[in-house]
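Secondary and tertiary structure notes
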Amino acid sequence: MDLTPYVDTLRQELAVAADAAGPEARDLAERLSAPLESATRLTLLHALSAAMDEVTRELAPGSVDVRLRGLDPEFVVTNPPAAEPAVMRAPEPPQPPLPPAAPVAPEADDGSMARINFRLPAHLKARVEEAAARDSLSVNAWLVRAASQAINPAPRQEQPSSSSRSRGAGQGFTGWVS
């Protein structure tokens with residue numbers, strides 16, 4: 001995103017305002033406009049970053065990051081991980097029904113966000129950053145996903161017993177081989 005048009009517009013608005021005050025003000029505005037350019041760009045970057053933080057909260061576990069390329073910001077959108085494609089498997093025997101889920105308090109799912117300070121040892125922070133990069137996520141989005149998975153772990157797949165591993169007609173095998 002090119003910030004130059006926005007900086008130029010601000011410079012023009014400053015010149016118009018200074019013209020109304022006379023030649024001394026116009027000279028002062030011209031002298032101030034160049035040093036104010038970097039402050040203007042920095043302020044715009046802060047505003048864009050805050051806006052993308054709000055967007056990221058709505059997209060979690062997806063995210064939008066603002067990265068600086070030269071003098072201009074670039075937006076990087078990270079979509080939530082896609083569900084794994086379905087794999088054809090042999091039918092499994094029916095499982096007993098799960099107990100009903102505990103009711104969720106209405107205030108628990110109101111969509112609001114909370115900010116926390118989270119302190120990590122430096123070596124663990126580096127590993128979190130590597131894992132987030134490996135998953136193409138921001139550190140915040142990765143931590144939100146990790147916390148969600150820790151609180152609501154995916155159901156574990158049971159290991160088949162040795163009798164179900166024996167070969168027989170109509171039986172299929174699933175799993176990993178190393």
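A few points on the structure.

Here is what the cut-offs are and how they apply
Residues numbered from 1 in each chain as written. Predicted model: local features only at pLDDT ≥ 70, side-chain atom pairs only at ≥ 80, totals over all residues. Heavy atoms only, no water. Patch = residues over 30% accessible without salt bridge, like charges linked within 9 Å, V, L, I, M, F, W, Y side chains within 5 Å. Areas by Shrake-Rupley, 256 points an atom, 1.4 Å probe, with all protein chains shown as cover. Salt bridge = Lys/Arg side-chain N within 4 Å of Asp/Glu carboxyl O. Helix = DSSP H or I, 4+ residues; strand = E, 2+ residues; numbered from the N terminus. Contact = heavy atoms within 4.5 Å. Expected span 1.5 Å × (residues − 1). Buried < 20%, exposed > 50% of the residue type's maximum accessible area, 1.4 Å probe, protein only. Arc of directions from axis to C-beta. Axes fitted to C-alpha atoms, helices over the stretch in contact; angles between N-to-C directions. Parallel < 35°, antiparallel > 145°, perpendicular 65-115°, else oblique. Left-handed = near helix turned anticlockwise from the far one by under 90°. Polar contact = N/O pair within 3.5 Å; in protein donor to acceptor, adjacent residues only side chain to side chain. Core = buried A, V, L, I, M, F, W, Y, C linked by side-chain atoms within 4.5 Å.

Focus: a nonpolar patch on the surface
A cluster of nonpolar residues, L14, L28, L32 and L36, forms a patch on the protein surface that exposes about 300 Å² of accessible area. Topologically, L28 is positioned in helix 2 (residues 23–59).

Section: the side chain of T40
Checked against the element boundaries, T40 lands in helix 2. Once residues lying within four places of it in the same chain are set aside, the contact partners of T40 are V7 and L10.

Description of helix 4 (residues 139–151)
For helix 4, with 13 residues, the first-to-last C-alpha span of 18 Å sits near the 18 Å given by 1.5 Å per residue. The complete set of buried residues in helix 4 reads A141, W142 and R145. In an axial view of helix 4, the angular spread of the buried residues amounts to 100°, which keeps them on one side of the axis. Helix 4 presents A150 and I151 as exposed residues on the side facing more than 90 degrees away from its buried surface. Against strand 1 (63–69) and helix 3 (122–134) lie the buried residues of helix 4.

Description of the packing of helix 1 (residues 4–21) against helix 2
At a closest axis distance of 9 Å, the pairing of helix 1 and helix 2 adopts a crossing angle of 150°. Relative to helix 2, the element helix 1 lies roughly antiparallel. Judged by the twist between their axes, the crossing of helix 1 over helix 2 is right-handed. Side by side, helix 1 and helix 2 meet where T4, Y6, V7, L10, R11, L14, A18, D19 and A21 of the first sit next to A25, R26, A29, S33, A34, L36, E37, T40, R41 and L44 of the second.

What to know about unusual backbone geometry
Even without being glycine, S136 reaches a positive phi, approximately 55°. By secondary structure assignment, the location of S136 is in the loop between helix 3 and helix 4.

Observations concerning the side chain of R41
Among the secondary structure elements, R41 is positioned in helix 2. In terms of polar contacts, R41 uses its side chain to reach the side chain of T4, at 3.1 Å. R41 has contacts with L3, T4, V7, L71 and D72, leaving out every residue within four places of it along the chain.

Here we look at the nonpolar core
The biggest cluster of nonpolar side chains holds six residues, and these are V128, A131, A132, L137, A141 and W142. For this core, the secondary structure elements donating two or more residues are helix 3 and helix 4. Per-element tally for this core: the top contributor is helix 3, with three residues.

Regarding helix 3
With 13 residues, helix 3 should reach 18 Å at 1.5 Å per residue; the first-to-last C-alpha distance of 18 Å fits that figure. For helix 3, the set of buried residues is V128, A131 and A132. The buried side chains of helix 3 occupy one side of the element, clustering within an arc of 100° when seen end-on. In helix 3, the exposed residues that point more than 90 degrees away from the buried face are A122, H123, R127, E130, A133 and R134. Packing partners of the buried residues in helix 3 comprise helix 4. Phi for S136, located one or two positions after helix 3, is positive at around 55°.

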